[in-house]
Amino acid sequence: MRPVVPLLIAALAFAAPAAAGPVPLGQDGQTSVPALDVPSSDLMSPEGNQSRVEHILTERALKGAPLDAFNAALFGPRLERTKVAFPVTVRQDRIAGVPVLIYEPNGGVAPSRRRQLLINVHGGGFVGCFTECGGLESIPIAALTGLKVVSIDYRLAPAARFPAASEDVAAVYRALLKEIPAKGIGLFGCSAGGLLTAQSLAWFQTHDLPAPAAAGVFCAGGDPGMGGDSRIIGMVLGDGEAPDGPAGGPPRGYMQGARPDDSAAFPASDPATLRRFPPTLIVVGTRDFALSSAVNLHSKLVANDVDARLHVWEGGRHAFFYDVRVPEAREAYDVIAKFFTDRLR
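Residues numbered from 1 in each chain as written. Predicted model: local features only at pLDDT ≥ 70, side-chain atom pairs only at ≥ 80, totals over all residues. Heavy atoms only, no water.

### Observations regarding the overall build of the protein
No. 1: Scanning the protein from terminus to terminus reveals 10 helices and eight strands.
No. 2: Here the C-alpha radius of gyration of the protein, 20 Å, is about what a compact globule of 345 residues would show, namely 20 Å.
No. 3: Its C-alpha atoms give the protein principal-axis dimensions of roughly 60 × 50 × 40 Å.
No. 4: Within the protein, buried positions represent 52% of all 345 residues.
No. 5: Contacts in the protein between residues far apart in sequence, at least 24 positions, make up 76% of those at least 6 positions apart.
No. 6: Between the centroid of the 32 positive side chains of the protein and the centroid of its 34 negative side chains there is a distance of 6 Å. (Helix = DSSP H or I, 4+ residues; strand = E, 2+ residues; numbered from the N terminus. Rg over C-alpha atoms; globule rule 2.2 N^0.38 Å. Buried < 20%, exposed > 50% of the residue type's maximum accessible area, 1.4 Å probe, protein only. Contact = heavy atoms within 4.5 Å. Lys, Arg positive; Asp, Glu negative; His and termini not counted. Charge placed at Lys NZ, Arg CZ, Asp CG, Glu CD.)

### Focus: the side chain of Thr145
No. 1: Of note, Thr145 is situated in helix α4 (residues 135–145).
No. 2: One polar contact links the side chain of Thr145 to the main-chain amide nitrogen of Leu147, over a distance of 3.1 Å.
No. 3: With sequence-adjacent residues up to four places away left out, Thr145 is seen in contact with Arg113, Leu118, Ala337 and Thr341. (Polar contact = N/O pair within 3.5 Å; in protein donor to acceptor, adjacent residues only side chain to side chain.)

### A word on the state of the cysteines
No. 1: Inspection of every chain in the model, using the stated rule, returns one disulfide.
No. 2: Two residues share a disulfide in this structure: Cys190 and Cys219, whose sulfurs sit 2.1 Å from each other. Here the S-S torsion is close to -110°, and the disulfide linking Cys190 with Cys219 is therefore left-handed. With Cys190 in strand β5 (residues 185–190) and Cys219 in the loop between β6 (214–218) and α7 (230–239), this pair connects stretches of sequence that are 29 residues apart. (Disulfide = S-S within 2.5 Å.)

### What about the pattern of salt bridges?
No. 1: Counted by the stated rule, this structure contains 13 salt bridges.
No. 2: Put simply, Lys83 and Glu132 hold a salt bridge, and the shortest N to O gap is 2.7 Å. One end of the pair, Lys83, is in helix α3 (residues 67–85); the other, Glu132, is in the loop between β3 (117–121) and α4, and 49 residues separate them in sequence.
No. 3: Among the ionic pairs, Arg155 bridges to Asp168, the shortest N-O distance being 3.1 Å. Remark: Asp168 occurs in helix α5 (residues 164–176) and Arg155 occurs in the loop between β4 (148–152) and α5; sequence separation between them is 13 residues. (Salt bridge = Lys/Arg side-chain N within 4 Å of Asp/Glu carboxyl O.)

### With respect to a nonpolar patch on the surface
No. 1: A contiguous nonpolar patch, built from Val33, Leu36 and Val38 and spanning about 240 Å² of accessible area, is present on the exposed surface.
No. 2: Checked against the element boundaries, Val38 lands in the loop between α1 (6–13) and α2 (46–61). (Patch = residues over 30% accessible without salt bridge, like charges linked within 9 Å, V, L, I, M, F, W, Y side chains within 5 Å. Areas by Shrake-Rupley, 256 points an atom, 1.4 Å probe, with all protein chains shown as cover.)

### Brief notes about the packing of aromatic side chains
No. 1: This structure, assessed with the given rule, holds 13 aromatic pairs.
No. 2: Ring centres of Tyr173 and Phe204 lie 4.4 Å apart, and the angle between their planes is 15°; this geometry places the pair in the stacked category. With Tyr173 in helix α5 and Phe204 in helix α6 (residues 192–206), this residue pair connects regions lying 31 residues apart in the sequence.
No. 3: Judged by relative accessible area, which is 2%, Phe204 ranks as buried.
No. 4: Ring centres 5.7 Å apart and planes at 45° place the aromatic pair Trp313 and Phe320 in the tilted group. The same class applies to Trp313 as to Phe320, namely buried. (Phe/Tyr/Trp six-rings, centres within 6.5 Å; stacked < 30°, edge-to-face > 60°.)

### Remarks on unusual backbone geometry
No. 1: The step from Ala157 to Pro158 runs through a cis peptide bond, and the omega angle for that step is 5°.
No. 2: Tracing the sequence through the fold places Pro158 in the loop between β4 and α5.
No. 3: In this chain, Phe162 is followed by Pro163 through a cis amide linkage whose omega measures 10°.
No. 4: Tracing the backbone through its elements, the reader meets Pro163 in the loop between β4 and α5.
No. 5: Non-glycine residue Ala96 carries a positive phi angle of around 55°.
No. 6: Among the structural elements, Ala96 can be located in the loop between β1 (88–95) and β2 (98–105).
No. 7: On the basis of relative accessibility, which here comes to 52%, the residue Ala96 falls in the exposed class.

### As for the nonpolar core
For soluble globular proteins, the rule of thumb is that nonpolar side chains tend to be buried together.
No. 1: By size, the foremost hydrophobic cluster in this structure holds 57 residues, and its most contacted members are Ile119, Phe126, Ile152, Tyr154, Val172, Phe204 and Leu301.
No. 2: For this core, the element with the most residues is α6, which contributes eight residues.
No. 3: Those residues in contact with Ile152 that lie beyond four places of it in its chain are Val98, Pro99, Val100, Ile119, Asn120, Val121, His122, Val169 and Val172. (Core = buried A, V, L, I, M, F, W, Y, C linked by side-chain atoms within 4.5 Å.)

### Focus: the sheet that holds strand β8 (residues 308–317)
No. 1: Read from one edge to the other, the open sheet built from eight strands follows the order β1-β2-β4-β3-β5-β6-β7-β8, with strand pairing classed as mixed. Among the strands making up the open sheet, the edge pair consists of β1 and β8. When strand polarity is set aside, the average angle formed by the axes of neighbouring strands in this sheet is 20°.
No. 2: The pairing of β3 with β4 spans five bridges and is classified as parallel. The residue bridging Val121 from the neighbouring strand is Ile152, located in β4.
No. 3: Contacting β6, β7 (280–287) and β8, helix α9 (residues 291–303) crosses the sheet at an angle of about 150° to β7. (Pairing = 2+ DSSP bridges. Axes fitted to C-alpha atoms, helices over the stretch in contact; angles between N-to-C directions.)

### Description of the confidence of the model for the protein
No. 1: Residues of the protein with pLDDT of at least 70 account for 92%, and the chain-wide mean is 91.
No. 2: In this model residues 1–16 is a low-confidence stretch, pLDDT under 50, and it forms 25 contacts with partners more than four residues away in sequence or in other chains. (pLDDT = per-residue confidence, 0-100.)

### Here we look at the environment of Asp244
No. 1: Checked against the element boundaries, Asp244 lands in the loop between α7 and α8 (271–274).
No. 2: By relative accessible area, Asp244 is classed as exposed at 58%.
No. 3: Once residues lying within four places of it in the same chain are set aside, the contact partners of Asp244 are Arg231 and Arg252.

What follows is the structure, encoded as structure tokens:
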């Protein structure tokens, strides 16, 4: 594979800490981190490290562009590569009045799998829809599982606020349950879609809907703030930016106005809600700003006797598996596909 930015990768690979020794530590535990030169991880593939650098540089070049143009330029080429690597069919539809994209493996779904399907809820920070929305998440999984994947184009901020997206997911899920039993359905998403997956599972509980057979919370956890250490370190190392504002403030954007005690908004905070989660797969990278949130969700699910699996890829940035050129992405796809095919009945 032709390196994307070989000189920059080489410089990162041989960089060294600018200083060594104790760092200032406050009584409250706050640590003042000195300036450091952090190399790319030598445990991640060269393609994975190159993909991260390419993402950061492309994102910086697009700064200030309209959201649709930003998403098309950043994610459009990845979508085209994904379609070449994993041929599927795609069509638009509406289910319960909600727009969806339906992905199926080339040749269609085998008769033995027609009572099974996956629901995808795309990422985008609850404010945007990548080019073709959930294609980057749905296409590889449809191809590898042989299952139909229904990707939901749920309502977004600023026009919508919580719980609009959960309502859309529930409406689609309720309609699909008329044809497919819950034991044959899986739900998954990455980033905002990962959080929405957790929120939807909580929403189902309070609206008399059965839990699906399995769920995938990727690049996210069960708390909208995505706090913890990785909110700072992951953002710096994975996206090349400092985090936006202090942690712990009132919910913003799509989550503005959500009550902190609402388990449908903050599912990781309520053991009773987590206890009723189905088997859950959590996928994240070590340079993802959502790593701490993902680890926190996994720990709490395990503490509440849920079959929860945490898979962490070294060096992976936020949504690292959106790039099919990265070997770790192929590994993640295989883990996700096996998890669902093993659990859907």
